[in-house]
Every structure is written in C-alpha cells, then in structure tokens.
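Single-letter residue listing:
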Amino acid sequence: MSAPRVRFAPSPTGYLHVGNARTALFNWLFARNQGGVFVLRIEDTDEERSQSSLVEAIIGGLSWLGMDADEGPYYQSARTDRYAEVVEQLWSAGHLYACDCTREEVLARTRDNPIPGYDGHCRDRALERGPTTALRFRTPETGTTVVHDIIRGDVEFPHSAMEDFVCVKSSGQPLFVLANAVDDRDSAISHVIRGDDLLPTTPKGILLWEALDGADPVRLPAFAHLPQVVNEQRKKLSKRRDQVAVEYYRDKGFLAEAFRNYLALLGWSPPGGREKVDLQTMIDEFRLEDIHHASAFFDVKKLTHLNGEYIRDLSTAAFVEAAGPWVSPDRVTAGWAPPTGAPPWPAERFDEQVFASVAPSVQGRVSLLSEVPAMVDFLFLAEPVIDEGAWTTRVFGDPLARRILEAVTRAYEDSEWHRETIQAVTRAAVESVGTNLSKGQAPIRIAVTGRSVGPPLFEPLELLGRAEVLERLQRALAKLDAG
RNA sequence: GGCCCCAUCGUCUAGUGGCCAAGGACACCACCCUCUCAAGGUGGAGACACGGGUUCGAAUCCCGUUGGGGCUGCCA
C-alpha cells in the first residue's frame, strides 16, 4: 500500500479556529505517523464569503503550530474548469437534473411533509439548464449508503431519507460536496479526517464519488469523523460567543508546543496516562482508532496550566527568548508582536541583563508569557505604578507601615548591597518594630514594586540599586504623609 | 419534525467482560514549604444518565428510555 495522503481543507471564511486546528493536527499527526503526505486545500468555492487575507491567517496559524503542508495550498477557485468538466460528465450520465425552485417555493410545498428537505419537484420535469437553474443530484430512491468510519464503525444512511441535493449553483459554481469529492479523487486522498459535523453529508459525497466512477473506479478514501470541540454550553464553537481564533491564544502568550499538546488531548490521549508529551511521542503513538467518540470542551484553564508547565520546562535562555516580544521591542521576531503593543516601559530603560537575572524567578510564576511584563515592570519604569488597593490595605491601613519603612530606610543606608545581606537587615529591621518578615515585607514590596505580589523581593532590590530603592522608600513615606 | 452521532468525577480522560468497592490530570478545599505570590509536596471531596436484558460475572455486549449535540442552505 502506498503512503497515505490526507488533507486539511479549511474554508477561508474566518481565522483558523481551534476546532479546525485540532482537525489539522490530527491529519498532520496521522500523516507523520504513517509516513504520509499532508495536503492543504483551500475551499473557497463560495466567493461571497471567502477572503484571501484569511488564507494567510490560516497558513500562519498552521505554521505557528509547526504544521506546514507537504503539498499545496491548492485553491478550489483555481479549478473551475475541472469542475465544469465533471458537471458535464455527471449531466450527460443522467445523474443531475435542473431545478428552478426557489427556497421559498420548496419550503411552502414541504412545510407539512413528514420528511423534510427537497421534494423532488423538478426531478422528472426535464428542465433545460439555464442561468436560473441549479443542478440537483438524482439520489437513488431505495437502498442505503454506508459510511465505513475508522472511529465510529459503519454508519448507515437510507436513501429514502436523503433528498436530491443541489451540487451546482445556478451560477455554475460547484457546491462543497461536489468540489470536495472531485478534489479528493484528483489528489488521491486516502484518508478523510474531519469534524463529525460533516458525517451527515458524507453519504452524499460517496454517491457523487460513485457516480463519477463510471467505468473507471477510484478507490474511496477511508473516513474518520472527529468529535466536535465544543464550548461550555456543549455547543459547536461560535465565532461570536467563543474565543476561537488560534491567533488569540498566541497573542495571549501561549507557547505553540503547549497549545499543540493541549489540542491533541481533545479527543485523544497518549498511552500510559501521560498528558504532557513531546511531539515525537505524539507522532509515534497517534492512532485514529484510539480517538474518542464524544465531543470535548475546550478548557482554557487546563490549557493555561499546561502552558505553565511548558514555560517552567524551558531553559532560562529559552524563556528569555520566548518572553522577548513581551519585554523588548527589539526582540520582536518573525514579523509578529503581541497585540498588547510595546512593553509599558521606554525601550531605553530595558536592560536585558537585568531581565535575564530575574528571569528564573519570573519563569516559575507565570502561566502565560503575557504575564511577564507586570512581573518586572518596576525594574524598568522610572517610578513603580502603585496598586492603590494594595496601598490602602497593606501600607496606609497598616499602623506599622511607617515604622517599617523608616527602619529599613535606615538599615539600607549603610548596609552591604547584596541580596542576602539585604534580606538579613530587612529581617532585623522589621523584627525591631515588632513584626516578622512575612508580614513586614508587604509595605516595602509595595513601596518599591508597586504591588503586593511578585517575584522574591531581595534580588530585584539589589538590581535596582541602593539609591533607587531609598528614593522609592522616600516617595512612599511622602505619600503616607500626604494621606 | 426527519436522519445521524454521542453519554465515566464540574472539565479532559484511563478503562475494550473478571486486575474497578473505577485510575490520572485541570479546577476546588485543607495542610506542609515559604520574604509576598506562584511553583512544589501531602491529603480531601468528586463519576460509570436511567431501566431492562445477555453472562457465573458488566463501566465494558444488546434493547429501550432520557439527556446532549450535529445535519436538514443555490454555506462549508
């Protein structure tokens, strides 16, 4: 048996969304596992809704996730001649008939029918083809089409419940089912792996496929219909209600590796109870047969946790590199910058050395790269941005705060300026006013960093320098005086 | 309404007739660690939708019910 050929065939009517990305990933993993070929096809037969700029977004999303196509992209819009040829073939073989019914007319006629859908009104009218006639497929009246699905087994569709569906618009453009079948035939696709929302249209595609066969049959691909990725309401992901663009997650500071790993977990699980697995393991272990049947909720919390694990696994150098676009305008790579814009400090105040030295303690505290700037901004801002809520409760509202700030100010003036000694003198100072380091560090932290939470305090203090720290303490004292 | 798919902790899942008084992960709670916050460690709570079969034995097989979802477009 020759190498499998699979395809990812998005329609460029929106950005790459997470459900499609998962479909692409499963196709890609299957191809890699089998030594097969991953084809990208752009299904842009609907000119009204397709936009070429979105094609770039889709390719960009795939590329971010490391899934570059082995072949393509092929554009259906470039194959109109081929489709026209196929339509002629089908028409002359009698599989198609012209229909001039409008949707309103069909609806009016079939409103009370027990079986919904088109009623076959034009089936025997022998209408000529014209600019106002769509072409419908003459579905057999009896019999059954069975879809052999790798994931779900055999699924039967009785023809009696299938309408004569339109496969060519009155404009002459083919509809999805037809273009899809023609392309899968022409590019020798061996496995069709797609969302199970397409399962009900699969028998139509098979009927078309068989009609196209004529005297020269082409082997039907194997099908694998993936469970849907759904939102919290268990509904198909919607562009309106849900955060569905892969781009959004990249912009939020998710690592491609973590995102890809999470996507793989939606409907598939690596053997051995592991969840966090590297790419090669995914490729080696991936089996279509192991995919779940039930739909899966896209859980951002779990994704975020996984991302945190991936961030913590990075070497410090790799973390500094990954955080680059978020902390330094100079580090924007591959033509992409976080949409949040420039970091909140002026470029000239950013110090790569300083960032690199606090990076390890930041790395363990963030789940998203976008959280990095807030962790280190006090190091690069001329003045820290004071969190007023924290100030009110932990400084203004703490009767000991003034004495703590005064005590450390005195202690810092002539202390050796090294993180351990700073910690030691700070401990001594806060204990001298009757509290402990755990409670006493709060006013200091807020005075210097502006926040009540953040990385361990004493290394940043060292990095900031004695003069700057004393100045910030003075400003805090003055703010306290001002009430 | 018709056709189709699906059904294990709140969520993602392990499980393919005995190893399951159902395991892991996220989230949640408690404790430990600790300069804050995280991370980490330990522990806790938490599920086989329901009803019938089949079988010595069922989360696993069959039927039904209920519930959820998809499709039902001259969208894909």
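Preceding this section is the structure that the text describes.
Just so it is clear, the structure is predicted and the values come from calculations on it, not from any experiment.

## Side note on the side chain of D213
As for its position among the elements, D213 is in helix α6 (residues 202-213). The residues touching D213, leaving out its near neighbours within four places in the chain, are R185 and V218.

## Points about the pairing of strand β9 (residues 191-195)
Across the 5 residues that make up β9, a large majority, 5, are buried. Relative to strand β10 (residues 222-226), β9 runs parallel, the two being bridged by 5 bridges. Directly across from H191, in β10, lies its bridge partner A222. In this view, the connection linking β9 to its parallel neighbour β10 by way of α6 has right-handed handedness.

## Observations regarding the protein's contact with RNA strand B
For RNA strand B, the set of nearby residues contains 63 residues, the closest of which are P116, R234, K236, H292 and G454. A breakdown of the atoms of RNA strand B within 4 Å of the protein gives sugar and phosphate a share of 72%. With respect to RNA strand B, the backbone of F297 contributes an N or O atom lying 3.0 Å from a phosphate oxygen. Listing elements by their share of the surface near RNA strand B, those giving two or more residues are β5 (134-137), β7 (153-158), β12 (296-297), α10 (300-313), α16 (419-432) and α17 (437-449). Its residues assigned to classes, the surface near RNA strand B shows 24 nonpolar, 17 polar and 22 charged.

## Some points on the nonpolar core
Counting 102 residues, the largest nonpolar core has F298, F355, Y412, I444 and L473 as the members making the most contacts within it. The dominant element in this core, judged by the number of residues it contributes, is helix α1 (residues 18-34), at 9 residues. Setting aside its immediate chain neighbours within four residues, Y412 contacts W417, I422, V425, T426, I444, L461, R466, V469, L470 and L473. Grouped together as the second largest cluster of nonpolar side chains are 36 residues, Y97, A98, V106 and L127 included.

## Considerations on the packing of helix α15 (residues 401-413) against α16
Running from N to C, α15 and α16 point in directions that differ by 140°, and their axes come no closer than 9 Å. By the angle class used here, α15 and α16 are oblique. α16 is crossed by α15, and the crossing has right-handed handedness. Across the interface between the two elements, I404, A407, V408, A411 and Y412 from α15 touch I422, V425, T426, A429 and V430 from α16.

## Points about the packing of aromatic side chains
If you walk through the whole model with that rule in mind, you get 15 aromatic pairs. On the basis of an interplanar angle of 70° and a centroid distance of 5.4 Å, the ring pair of Y249 and F298 is categorised as edge-to-face. With Y249 in helix α7 (residues 246-252) and F298 in the loop between β12 and α10, this residue pair connects regions lying 49 residues apart in the sequence. F298 carries the same exposure label as Y249, and that label is buried. Within the aromatic cluster, the residues linked to one another by ring pairs are W64, Y248, Y249, F254, F259, Y262 and F298. Here the guanidinium or amino end of R185 rests over the ring plane of W209, the centre of that ring lying 5.0 Å away.

## Quick word on the pairing of strand β6 (residues 144-149)
Regular strands place their side chains on alternate faces of the sheet. Alternating residues of β6 divide into T145, V147 and D149, all buried, and T144, V146 and H148, none buried. Both β6 and β7 contribute to a ladder of 6 bridges, which runs antiparallel. Note that in β7 the partner of V147 across the bridge is V155. Here β6 folds back onto β7 in antiparallel fashion, the turn holding 3 residues.

## Quick word on the packing of helix α14 (residues 388-396) against α17
Helix-helix packing is characterised by the crossing angle of the two axes and by the distance between the axes. The interhelical angle for the contact between α14 and α17, taken along N-to-C directions, is 140°, at an axis separation of 9 Å. Of the possible angle classes, the one that applies to α14 and α17 is oblique. Crossing geometry of α14 relative to α17 is assigned as left-handed. Where α14 approaches α17, its residues A390, W391, R394 and V395 are matched on the opposing element by A442, P443 and I446. In terms of residue class, the contact of α14 with α17 is built from 6 nonpolar, no polar and 1 charged.

## Regarding the sheet that holds strand β4 (residues 96-99)
Spatially, β4-β5-β8 is the arrangement adopted by the 3 strands of the open sheet, whose pairing is antiparallel. In this open sheet, the two strands that pair with only one neighbour each are β4 and β8 (166-168). This sheet shows a mean twist of 50° between the axes of neighbouring strands, independent of strand direction. Sheet topology places β4 next to β5; 4 bridges connect them, and they run antiparallel. Bridge assignment links L96 to a residue of β5, and that residue is F137.

## Some remarks on the environment of G450
Structurally, the position occupied by G450 is in the loop between α17 and α18 (458-464). Owing to a relative accessible area of 0%, G450 belongs among the buried residues under this scheme. Spatially, the C-alpha atom of G450 lies 5.7 Å from that of D387, the residues being 63 residues apart in sequence. With sequence-adjacent residues up to four places away left out, G450 is seen in contact with P384, V385, I386, D387 and R445.

## A few points about the pattern of salt bridges
Enumeration according to the criterion identifies 32 salt bridges in this entry. Between E462 and R419 there is a salt bridge, with its nearest N and O atoms 3.0 Å apart. Remark: R419 occurs in helix α16 and E462 occurs in helix α18; sequence separation between them is 43 residues. Note that R472 is salt-bridged to E468, the shortest N-O span being 2.6 Å. Taken together, the residues R472 and E468, both in helix α19 (residues 466-481) and 4 residues apart, mark about one turn of the helix. On the basis of relative accessible area, E468 is assigned to the buried category, the value being 19%. Connected via shared salt-bridge partners are R7, R41, E43, R79, R82, E85, D183, D184 and D186.

What counts, and where the lines are drawn
- Residues numbered from 1 in each chain as written.
- Chains lettered and ligands numbered in written order.
- Predicted model: local features only at pLDDT ≥ 70, side-chain atom pairs only at ≥ 80, totals over all residues.
- Heavy atoms only, no water.
- Helix = DSSP H or I, 4+ residues; strand = E, 2+ residues; numbered from the N terminus.
- Contact = heavy atoms within 4.5 Å.
- Buried < 20%, exposed > 50% of the residue type's maximum accessible area, 1.4 Å probe, protein only.
- Pairing = 2+ DSSP bridges.
- Right-handed = clockwise from strand over helix to strand, strands pointing away.
- Near = heavy atom within 4 Å.
- Polar contact = N/O pair within 3.5 Å; in protein donor to acceptor, adjacent residues only side chain to side chain.
- Nonpolar A, V, L, I, M, F, W, Y, C, P; charged D, E, K, R; others polar.
- Core = buried A, V, L, I, M, F, W, Y, C linked by side-chain atoms within 4.5 Å.
- Axes fitted to C-alpha atoms, helices over the stretch in contact; angles between N-to-C directions.
- Parallel < 35°, antiparallel > 145°, perpendicular 65-115°, else oblique.
- Left-handed = near helix turned anticlockwise from the far one by under 90°.
- Phe/Tyr/Trp six-rings, centres within 6.5 Å; stacked < 30°, edge-to-face > 60°.
- Lys NZ or Arg CZ within 6 Å of the ring centre and 35° of its normal.
- Salt bridge = Lys/Arg side-chain N within 4 Å of Asp/Glu carboxyl O.

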